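Structural overview
So the chains spell out like this:
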Amino acid sequence: MPAQGGIARLLEFTHNPWMVAASFAVALFAGFSGLSLLRGASRLPVVQRKFLVAVAAIVLGGGIWSMHFVAMLGLQLPTLFFYDGLITLMSALVAILMVGLALLVLHFGRRTPISITAAGSIMGAGIAAMHYIGMLGMELCGPVFRPLGVVVALAAALALSNLAVWVAYGSRTRGNILLGTLCFAAAVVSMHFIAMAGTQFYRADVASTAGPVLSNAVLAMLVTVSSFVISGVSLLSGVSFFGSAAVTDTAMNTPGDAPGPDVAAAGSSADPAGPPKETRSTALPVPYERDGNTRFAESSKIAAVRAEGHYTVLYTGKDKYLCPWSISEAYSRLGPYRFIRVHRSYLINPAYVSEFRRTKDTGVCFFKNTESLAKAPVSRSRLADVRAALGI
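Report on the accompanying structure. Remember, predicted model here, so these are calculated numbers, not experimental data. (Residues numbered from 1 in each chain as written. Predicted model: local features only at pLDDT ≥ 70, side-chain atom pairs only at ≥ 80, totals over all residues. Heavy atoms only, no water.)

Let's talk about the pattern of salt bridges
To keep things clear, this is the line we draw: We define a salt bridge as a side-chain nitrogen of Lys or Arg found within 4 Å of a carboxyl oxygen belonging to Asp or Glu. Categorising residues by exposure relies on relative accessible area from a 1.4 Å probe, with only protein chains included: less than 20% of the type maximum marks a residue as buried, more than 50% marks it as exposed, and the intermediate range marks it as partly exposed.
In total, this model carries five salt bridges according to the counting rule given. Here Arg-306 and Glu-308 are joined by a salt bridge, their closest N and O atoms 2.8 Å apart. Its salt-bridge partner being Glu-355, residue Arg-357 comes within 2.9 Å of it at the nearest N-O pair. On the basis of relative accessible area, Arg-357 is assigned to the partly exposed category, the value being 33%. Judged by its relative accessible area of 22%, Glu-355 is partly exposed.

Structure representation (structure tokens):
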């Protein structure tokens, strides 16, 4: 940092309060868009889930980036400054990639206290990394980061991001997602301004950009477009989020859970008219015995499979059939077709579940549109798998 007579030439700075408020609004819109888009994503096919995770990562990561630069547009310094375009782009990509990694942990693995904490920590680290990389892109005015300020800002980002993820993913209800949105916005905004409180600025005489120059005017246009897109996605998400069937659930199945019955509808993906149709190419023929002959039922038409000695019973609509497979063989063959094991004696097709009810230590899946099977028990050890498959 340049100095004159041994004394650093540090600059005073303030923030425009309207831009501070606007930055918080951007963070809120981004948080709601990303978190609501992924509601119920865990029960979708892998390809659709990957697409939603990618979109949510762009929205959340782009929201972190937009919030930062909306706040920076409100930064008032007694000197002109601009940004290095390459470093600014890098800061956006880092935010998107880090948030995307956190979402992959949450939606492509079993949710446990460890995985949720890991996802929250990755997201918090991404928020901090985006901020400091973005700050390094300043030209004609350089930042000086106080070590204590960096430590406090990083701790705030990790703590608040973990809070946001735990609230939003401890239980996938509307209320939890809305509260998680608020926590996410608080994490992004708090980290930014805590870091700014631990930052000083000096006037640089020479600019050396690695990429194209981004003036405040150009940056303002980019941030305006980004914020407009995020707001639009938020409005579209709100239509389905508030218009779909209610989804409620308790917090994670940890020793600290409060006892008592809790009821959860399976969500909009459990259509009362029946499960989504699959093409024959994505269904497995499952053998069953009838009238002394072996016939086959498509796996997409089977709601559940129950163990019956060395055989199993298939439940399809009004009918049930005896299948020569054991429950272990049925699980091995039907697992790739989205069937999950909910009990030592039961496999279910999540597409047919109309309601999930949790008791103190176990649960029950109900099948409103399957006359041959009213419900299937869920053992304690399978609760997390069922919740993940149902997206709750």
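So, next bit.
Some remarks on the packing of helix α3 (residues 85-107) against helix α4 (residues 113-136)
Definition in use: Axis geometry follows a simple rule: fit a line to the C-alpha atoms, using only the stretch in contact for helices, then measure angles between N-to-C directions, giving values from 0 to 180 degrees. Strands are runs of DSSP state E lasting at least 2 residues, helices are runs of H or I lasting at least 4, and numbering of each runs from the N terminus. Any angle that falls under 35 degrees is termed roughly parallel, while one over 145 is termed roughly antiparallel, one within 65 to 115 roughly perpendicular, and all others oblique. Every residue pair with non-hydrogen atoms within 4.5 Å of one another is taken to be in contact. Residue classes follow a fixed rule: Ala, Val, Leu, Ile, Met, Phe, Trp, Tyr, Cys and Pro count as nonpolar, while Asp, Glu, Lys and Arg count as charged, and any other residue, Gly among them, counts as polar.
With their axes 8 Å apart at the nearest point, α3 and α4 run at an angle of 180° to one another. The orientation of α3 with respect to α4, classified from their angle, is roughly antiparallel. Where α3 abuts α4, its residues Ile-87, Met-90, Ser-91, Val-94, Ala-95, Met-98, Val-99, Leu-101, Ala-102, Val-105 and Leu-106 lie against Ser-115, Ile-116, Ala-119, Ile-122, Met-123, Ala-125, Gly-126, Ala-129, Met-130, Ile-133, Gly-134 and Leu-136. Looking at the contact of α3 with α4 residue by residue, the classes come out as 19 nonpolar, four polar and no charged.

Brief notes about the nonpolar core
Our working definition: In this text, buried Ala, Val, Leu, Ile, Met, Phe, Trp, Tyr and Cys residues form a nonpolar core when linked through side-chain atoms within 4.5 Å.
In this structure, Leu-103, Met-138, Tyr-169 and Phe-201 are the most contacted members of the largest nonpolar core, which totals 63 residues. The set of elements that each furnish at least two residues to this core consists of α1 (17-37), α2 (46-73), α3, α4, α5 (147-170), α6 (174-197) and α7 (216-243). The leading source of residues in this core is α2, at twelve residues. Excluding residues that lie within four positions of it along the chain, Met-138 makes contacts with Met-72, Leu-75, Leu-77, Phe-81, Phe-82, Tyr-83 and Phe-201. Within the second largest apolar cluster, 22 residues are counted, among which are Val-342, Val-353, Leu-390 and Ile-392.

Quick word on the environment of Pro-147
The topology assignment puts Pro-147 in helix α5. Along the chain, Pro-147 and Thr-199 lie 52 residues apart, while their C-alpha atoms are 9.4 Å from each other.

Considerations on the packing of α2 against α4
As a reminder, the rule being used: Crossings are assigned a handedness: left-handed for a near helix turned anticlockwise from the far helix by less than a right angle, right-handed for a clockwise turn.
For the pair α2 and α4, the least separation of the axes is 10 Å and the interaxial angle reads 40°. Taken together, the axes of α2 and α4 are oblique relative to one another. Seen from above, α2 lies across α4 with right-handed handedness. Contacts between α2 and α4 involve Ile-64, Trp-65, His-68, Phe-69 and Met-72 from the former and Ile-127, Met-130, His-131, Gly-134 and Met-135 from the latter.

Focus: unusual backbone geometry
Backbone geometry places Leu-140, a non-glycine residue, at a positive phi of 65°. Mapped onto the secondary structure, Leu-140 falls in the loop between β7 (138-139) and β8 (141-145). Overall, Leu-140 belongs to the partly exposed group, its relative accessible area being 25%. Located in the positive-phi region is Asp-291, a residue other than glycine, with phi close to 55°. Considering the arrangement of structural elements, one finds Asp-291 in the loop between β12 (285-290) and β13 (293-298).

With respect to the sheet that holds strand β10 (residues 213-214)
Filter applied, for reference: Any two strands are treated as partners once DSSP identifies two or more bridges connecting them.
Spatially, three strands are ordered β7-β6-β10 in an open sheet, and the strand pairing comes out antiparallel. Looking at which strands have only one partner, the edges of the open sheet turn out to be β7 and β10. The pairing of strand β6 (residues 82-84) with β10 spans two bridges and is classified as antiparallel. Bridging across to β10, Tyr-83 finds its partner in Leu-214. Taken strand by strand, α3 contacts β6 and β10, and its axis lies near 70° from that of β6.

Let's talk about a nonpolar patch on the surface
Note the cut-off: For patches, a residue must show more than 30% relative accessible area and have no salt bridge; joins then use 9 Å for like charges and 5 Å for nonpolar side chains, namely Val, Leu, Ile, Met, Phe, Trp and Tyr. Each accessible area value is a Shrake-Rupley result obtained with a 1.4 Å probe; residue values ignore everything except the protein chains displayed when judging cover.
Taken together, the side chains of Val-46, Leu-101, Leu-104 and Phe-108 present a nonpolar region at the surface, about 310 Å² in accessible area. Here Phe-108 lies in the loop between α3 and α4.

Things to note about the sheet that holds strand β3 (residues 10-11)
The three strands lie next to each other as β3-β9-β8, forming an open sheet whose pairing is antiparallel. Strands at the two margins of the open sheet, each flanked by one partner only, are β3 and β8. Judged from the five bridges that link them, β8 and strand β9 (residues 199-203) form a sheet pairing that is antiparallel. Paired with Cys-141 across the strands is Arg-203, a residue of β9. Packed onto the sheet, α4 meets β8 and β9 and runs at close to 140° relative to β8.

Points about the packing of aromatic side chains
Note the cut-off: Two rings from Phe, Tyr or Trp (for Trp, the six-membered ring) form a pair when their centres sit within 6.5 Å of each other. Planes less than 30 degrees apart are called stacked, planes more than 60 degrees apart edge-to-face, and all others tilted. In our convention, an over-ring charge means Lys NZ or Arg CZ found within 6 Å of a ring centre and within 35 degrees of that ring's normal.
The full count for this structure, using the stated rule, is six aromatic pairs. Between Tyr-288 and Tyr-321 the ring centres are 4.1 Å apart and the planes differ by 25°, which places this aromatic pair in the stacked class. In this pair, Tyr-288 sits in strand β12 while Tyr-321 sits in strand β16 (residues 319-323), placing the two residues 33 residues apart along the sequence. A single burial state applies to Tyr-288 and to Tyr-321, both of which are buried. Every member of this aromatic cluster is reached through a ring pair, and the members are Trp-65, Phe-69, Phe-81 and Tyr-83. In this structure, Arg-49 packs its charged tip against the face of Phe-108, placed 4.8 Å from the ring centre. In this structure, Arg-341 packs its charged tip against the face of Tyr-331, placed 5.9 Å from the ring centre.

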